[in-house]
Amino acid sequence: MCFNSKKKDLIKKIIFCGKLCGEKNFTPGYSGNISARYKDGLLITTSGSANGYLKTSDVVYTDFEGNSLEKNKKPSSEKFLHIAIYKKRSDIKFILHVHSPYLSSFASASKELMQPVMAENVFYFGGIPLAKYALPSSFELVDNTIKFFDKYDAVLMENHGFIVGAKTIEDAYLKLELAESYAQVVLNTEILGGANILSEEQEKAILALRK
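Residues numbered from 1 in each chain as written. Predicted model: local features only at pLDDT ≥ 70, side-chain atom pairs only at ≥ 80, totals over all residues. Heavy atoms only, no water.

## Some remarks on empty space enclosed by the protein
Then, number 1: For the structure on display, the rule yields 1 cavity of 30 Å³ or more.
Then, number 2: The computed volume of the largest cavity comes to approximately 40 Å³.
Then, number 3: In terms of lining residues, the largest cavity is bounded by Leu113, Met114, Gln115, Pro116, Asn121, Val122, Phe125, Gly126, Gly127 and Tyr182.
Then, number 4: Residue composition of the lining of the largest cavity, grouped by class: 6 nonpolar, 4 polar and no charged. (1 Å grid on protein atoms, 1.4 Å probe; cavity = no way out; pocket = protein on both sides within 12 Å on 5 of 7 lines; lining within 4 Å. Points joined across faces, edges and corners; volume = space filled by probe spheres on them. Nonpolar A, V, L, I, M, F, W, Y, C, P; charged D, E, K, R; others polar.)

In structure tokens form, the structure reads like this:
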């Protein structure tokens, strides 16, 4: 199949990002999926593919109705979650959905990451809310998750994993790294007796730096 250069470049980015996620154990085994906005649809990893070992054939062009536009290639079962985010947020061009260990631990313990513990995470996220559990790939999961994208770029999904959207794939990946590290730090502070929570005034001062 002949791809135009933009499509080739996007697929290369998805494959490279998937490899990074695999090396960091952010997307163990067959878990997770990656996508990029493309034309009137999206490029998304195929059902059953492993993000850490992606090939060109593991990415499929899909329309915004969830239909594969390439023969014999089935999009990830989470395609409608990606589509809903792209439809809601025109600024988001790339989405990573992963089951990284620390973030997934908070999701599985039904714990959001909203407390202002570290300045960097307040600045980049403002908080990471928790979407209520629904069956993976279901429209209920889409509804439970998409509402948080009004205000946030990253969401934990209860008993499931983590999803983040960004303008560039580099930004999405780096925010994933930050979020996973943040979850690990918060968990470690529990061992040490609990985190020192920033005051509301301190939090507002950090958020003001965004302007």
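## What to know about the layout of surface pockets
Then, number 1: Counted as a void, the largest pocket has a volume near 280 Å³.
Then, number 2: Around the largest pocket sit Phe123, Tyr124, Phe125, Gly126, Lys151, Tyr152, Asp153, Asp171, Lys175, Glu203, Leu207 and Arg210, which together line it.
Then, number 3: Considered class by class, the residues forming the lining of the largest pocket number 5 nonpolar, 1 polar and 6 charged.
Then, number 4: In this structure, the second largest pocket encloses a volume near 180 Å³.
Then, number 5: Taken together, Phe106, Lys111, Glu112, Leu113, Met114, Gln115, Val117, Tyr182, Val186, Leu187 and Glu190 make up the full set of residues lining the second largest pocket.
Then, number 6: If you tally residues by element for the lining of the second largest pocket, the top one is helix H6 (residues 169–191), at 4 residues.
Then, number 7: Of the residues in the lining of the second largest pocket, the class split is 7 nonpolar, 1 polar and 3 charged. (Helix = DSSP H or I, 4+ residues; strand = E, 2+ residues; numbered from the N terminus.)

## Considering helix H3 (residues 101–108)
Then, number 1: Listed in full, the buried residues belonging to H3 are Leu103, Ser104, Phe106 and Ala107. Buried residues of H3 fall within an arc of 155° about the axis and therefore sit on the same side.
Then, number 2: Looking at the packing, one finds that the buried side of H3 touches strand E5 (130–131), strand E6 (154–157), strand E7 (161–166) and H6. (Buried < 20%, exposed > 50% of the residue type's maximum accessible area, 1.4 Å probe, protein only. Arc of directions from axis to C-beta. Contact = heavy atoms within 4.5 Å.)

## Description of the pattern of salt bridges
Note on pairing: side chains with opposite charge can pair once their charged atoms come close.
Then, number 1: Evaluated as defined, the whole model comprises 11 salt bridges.
Then, number 2: Note that Glu70 is salt-bridged to Lys73, the shortest N-O span being 3.0 Å.
Then, number 3: Owing to a relative accessible area of 7%, Glu70 belongs among the buried residues under this scheme.
Then, number 4: Residue classification places Lys73 among the buried residues on the basis of a relative accessible area of 16%. (Salt bridge = Lys/Arg side-chain N within 4 Å of Asp/Glu carboxyl O.)

## So, the state of the cysteines
Then, number 1: Inspection of the entire model under this criterion finds 0 disulfides.
Then, number 2: Cysteine Cys17 shares no disulfide, and the gap to the nearest cysteine sulfur, in Cys21, comes to 4.2 Å. (Disulfide = S-S within 2.5 Å.)

## Regarding the side chain of Thr189
Then, number 1: For Thr189, the location among the structural elements is in helix H6.
Then, number 2: Overall, Thr189 belongs to the buried group, its relative accessible area being 14%.
Then, number 3: In this structure the side chain of Thr189 is engaged in a polar contact, spanning 2.6 Å, whose partner is the backbone oxygen of Val186.
Then, number 4: The residues touching Thr189, leaving out its near neighbours within four places in the chain, are Gly194 and Ala195. (Polar contact = N/O pair within 3.5 Å; in protein donor to acceptor, adjacent residues only side chain to side chain.)

## Some points on the nonpolar core
Then, number 1: Within the largest apolar cluster, 37 residues are counted, with the highest numbers of intra-cluster contacts made by Leu113, Leu156, Phe162 and Leu176.
Then, number 2: Of the residues forming this core, the biggest block, 8 residues, is contributed by H6.
Then, number 3: For Leu113, the contacting residues outside a window of four places in its chain are Leu103, Phe106, Gly127, Ile128, Leu156, Tyr182, Ala183 and Val186.
Then, number 4: Counting 20 residues, the second-largest nonpolar core is a separate cluster that includes Ile83, Ile92, Ile95 and Ala134. (Core = buried A, V, L, I, M, F, W, Y, C linked by side-chain atoms within 4.5 Å.)

## Points about the pairing of strand E3 (residues 59–63)
Then, number 1: Burial of E3 is extensive: 5 of the 5 residues sit out of reach of the surface.
Then, number 2: In terms of strand pairing, strand E2 (residues 41–45) meets E3 through 5 bridges, oriented antiparallel. When the bridges of E3 are listed, Ile44 appears paired with Val60. (Pairing = 2+ DSSP bridges.)

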